[in-house]
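Overview (structure and organization)
Letter by letter, the chains look like this.
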Amino acid sequence: MTDDVLVTVDDIKVHFPIKRGVLLDRTVGHVYAVDGVSLQVRRGETYGLVGESGCGKTTLGRALLRLVEPTGGSVVFDGTDVSTLKGEDLRRMRRRMQMVFQDPMSSLDPRQSVESLLVEGMRAHGLDKGKQATHQRLKELLAAVGLPESALRKYPHEFSGGQRQRIGIARALAVEPDLIVADEPVSALDVSVQAQVLNLLEELQDEFGLTYLVVAHDLAVVRHISDRIGVMYLGSLVEEAGSDELYERPMHPYTKALLSAIPVPDPEVEDTREQILLTGDLPSPANPPSGCRFHTRCPWRQPARCDTERPPLREVGSGHRVACHYAEEILAGTITPHEVEPELAQS
Ligand SMILES: Nc1ncnc2c1ncn2[C@@H]1O[C@H](COP(=O)(O)OP(=O)(O)OP(=O)(O)O)[C@@H](O)[C@H]1O
Ligand code: SF4
Ligand SMILES: [Mg+2]
């Protein structure tokens, strides 16, 4: 591990048992929510994690913070294997990794004033050092997220969605974390407010030297704030690259499809650009397709290997990894997309 890496996730798996029977005592299968993801997050960077609903983004974020117990694999945070920590050691480590949630209304207790919401975490981690020092700290926190001091006495329902998300961010900052996992931090907000909150996150990153893992289902949201981006499909990473590289040279068919769904403002480009429409539903993570998990929907699918052999995430260029048997041929144009028969799109 090099010094500039803050988090190393190695082959992490989260399989939720599917229980049946009157006493829910029989396990009849598993939801393979996260199924073998390896990635690293470097100090001070923003790693964007994208993919369709249900592909396992939230579960991966939670497993990283050990808010859900991984079925396998490890998470090493700043040199310490988090997967083996217990009790007080785990609690202390948790201070350094905070989560910001999608819906601030449901993640903030409506009966608690902003002051009490912010002090709670500080107190739990011994950062509440006397009335005056704490009040000073609260003022700084609010100023950092662009809220007035008067916000302290108010309750979550008295704020707009964007302001509530600022409170959620202040609450995460209150315990001086190194890493913030932001799970769809702007998807519940109006488009006009989204950019403000994303800008705030960027400012705070510079000010406090934070490292971010930002989860979103929309590539457009993570593009500008991410240094690197990982694309997930059905519990696995299918592609990872620097943000600009991913947009300019997407190699995995799924990434190409996601990118082609983002409208381009220039009407001429919009009319001529390649649009890849994915047919077929997202298969169930309880019964993922054999071989390449994307083969039921892939317009480039080949008769050999695609439905039998699971493609590993492999390095195809500096810092660019892709999990597709035919990535080079697709890039070179030697194999071309074709119609996907609907009957292939079974789960
Ligand atoms: N506690 C749980 N028990 C059983 N299954 C779960 C649990 N949490 C998540 N799942 C399932 O795991 C899969 C991945 O869910 P997850 O919430 O991680 O996806 P996501 O990518 O965050 O989706 P979204 O974009 O909708 O938030 C889904 O099929 C979901 O139903
Ligand atoms: S391995 Fe085959 S099915 Fe999977 S993405 Fe590549 S071409 Fe498509
Ligand atoms: Mg989610």
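Quick notes on the rules
- Residues numbered from 1 in each chain as written.
- Chains lettered and ligands numbered in written order.
- Predicted model: local features only at pLDDT ≥ 70, side-chain atom pairs only at ≥ 80, totals over all residues.
- UniProt positions renumbered as here; feature names shortened; annotations may be inferred.
- Near = placed C-beta within 6 Å.
- Helix = DSSP H or I, 4+ residues; strand = E, 2+ residues; numbered from the N terminus.
- Nonpolar A, V, L, I, M, F, W, Y, C, P; charged D, E, K, R; others polar.
- Core = buried A, V, L, I, M, F, W, Y, C linked by C-beta atoms within 7 Å.
- Buried ≥ 20, exposed ≤ 12 C-beta atoms within 10 Å, placed from the backbone.
- Domains from an automatic or database assignment.
- Contact = placed C-beta atoms within 7 Å.
- Axes fitted to C-alpha atoms, helices over the stretch in contact; angles between N-to-C directions.
- Parallel < 35°, antiparallel > 145°, perpendicular 65-115°, else oblique.
- Left-handed = near helix turned anticlockwise from the far one by under 90°.
- pLDDT = per-residue confidence, 0-100.

Looking up the protein chain in an unreviewed UniProt entry gives the name Dipeptide/oligopeptide/nickel ABC transporter ATP-binding protein, with the organism given as Prauserella muralis. Listed under Sequence similarities (unreviewed entry) in UniProt, the entry text for the protein chain is "Belongs to the ABC transporter superfamily."

**Quick notes on the site of ligand 1**
In the vicinity of ligand 1, 13 residues are found, and the nearest of them are Phe16, Ala33, Ser53, Thr58 and Thr59. Elements with a contribution of two residues or more to the shell around ligand 1: β2 (26-42) and α1 (57-64). Partitioned by chemical class, the residues of the shell around ligand 1 number five nonpolar, seven polar and one charged.

**Considerations on the site of ligand 2**
Around ligand 2, the surrounding shell holds 13 residues, and the nearest of these are Cys292, His295, Cys298, Cys306 and Cys324. Taken together, the residues of the shell around ligand 2 break down into nine nonpolar, three polar and one charged.

**Some points on the nonpolar core**
Generally speaking, nonpolar side chains in soluble globular proteins are found buried as a group. Grouped together as the largest cluster of nonpolar side chains are 86 residues, with contacts concentrated most on Leu118, Ala170, Leu213 and Val231. Element by element, the count of residues in this core is highest for β2, at seven residues. A domain split of this core shows at least three residues from each of domain 1 (5-96 + 177-344) and domain 2 (97-176). Excluding residues within four positions of it along the chain, alanine 170 makes contact with Leu118, Leu141, Leu142 and Val145.

**Concerning the packing of helix α4 (residues 114-124) against helix α6 (residues 161-173)**
Running from N to C, α4 and α6 cross one another at 30°; their axes reach a closest spacing of 8 Å. When the axis of α4 is compared with that of α6, the two are roughly parallel. Where α4 crosses over α6, the handedness of that crossing is right-handed. Listed contacts from α6 to Val114, Leu117, Leu118 and Gly121 of α4 are Ile167, Ala170 and Arg171. Among the residues forming the contact of α4 with α6, the class breakdown is five nonpolar, one polar and one charged.

**Section: the environment of glutamine 275**
Positionally, glutamine 275 belongs in the loop between α11 (267-272) and β11 (314-317). Here the alpha-carbon distance between glutamine 275 and leucine 331, two residues 56 residues apart in the chain, equals 16 Å.

**Remarks on the domain arrangement of the protein chain**
Domain boundaries in the protein chain define domain 1 (5-96 + 177-344) and domain 2 (97-176). With 24 residues of domain 1 at the contact, the number on the domain 2 side is 20 residues. At the level of secondary structure, the elements contributing two or more residues to the side of domain 1 that touches domain 2 comprise α2 (87-95), β7 (179-183) and α7 (191-208). Per-element accounting of the side of domain 1 that touches domain 2 gives the leading share, seven residues, to α7. Within the side of domain 1 that touches domain 2, the residues separate by chemical class into 15 nonpolar, three polar and six charged.

**Section: the confidence of the model for the protein chain**
Averaged over all residues, the pLDDT of the protein chain equals 91, while 95% of them reach at least 70. Taken together, the stretch residues 343-347 has pLDDT below 50 and engages in 12 contacts with residues farther than four places along the chain or on a different chain.

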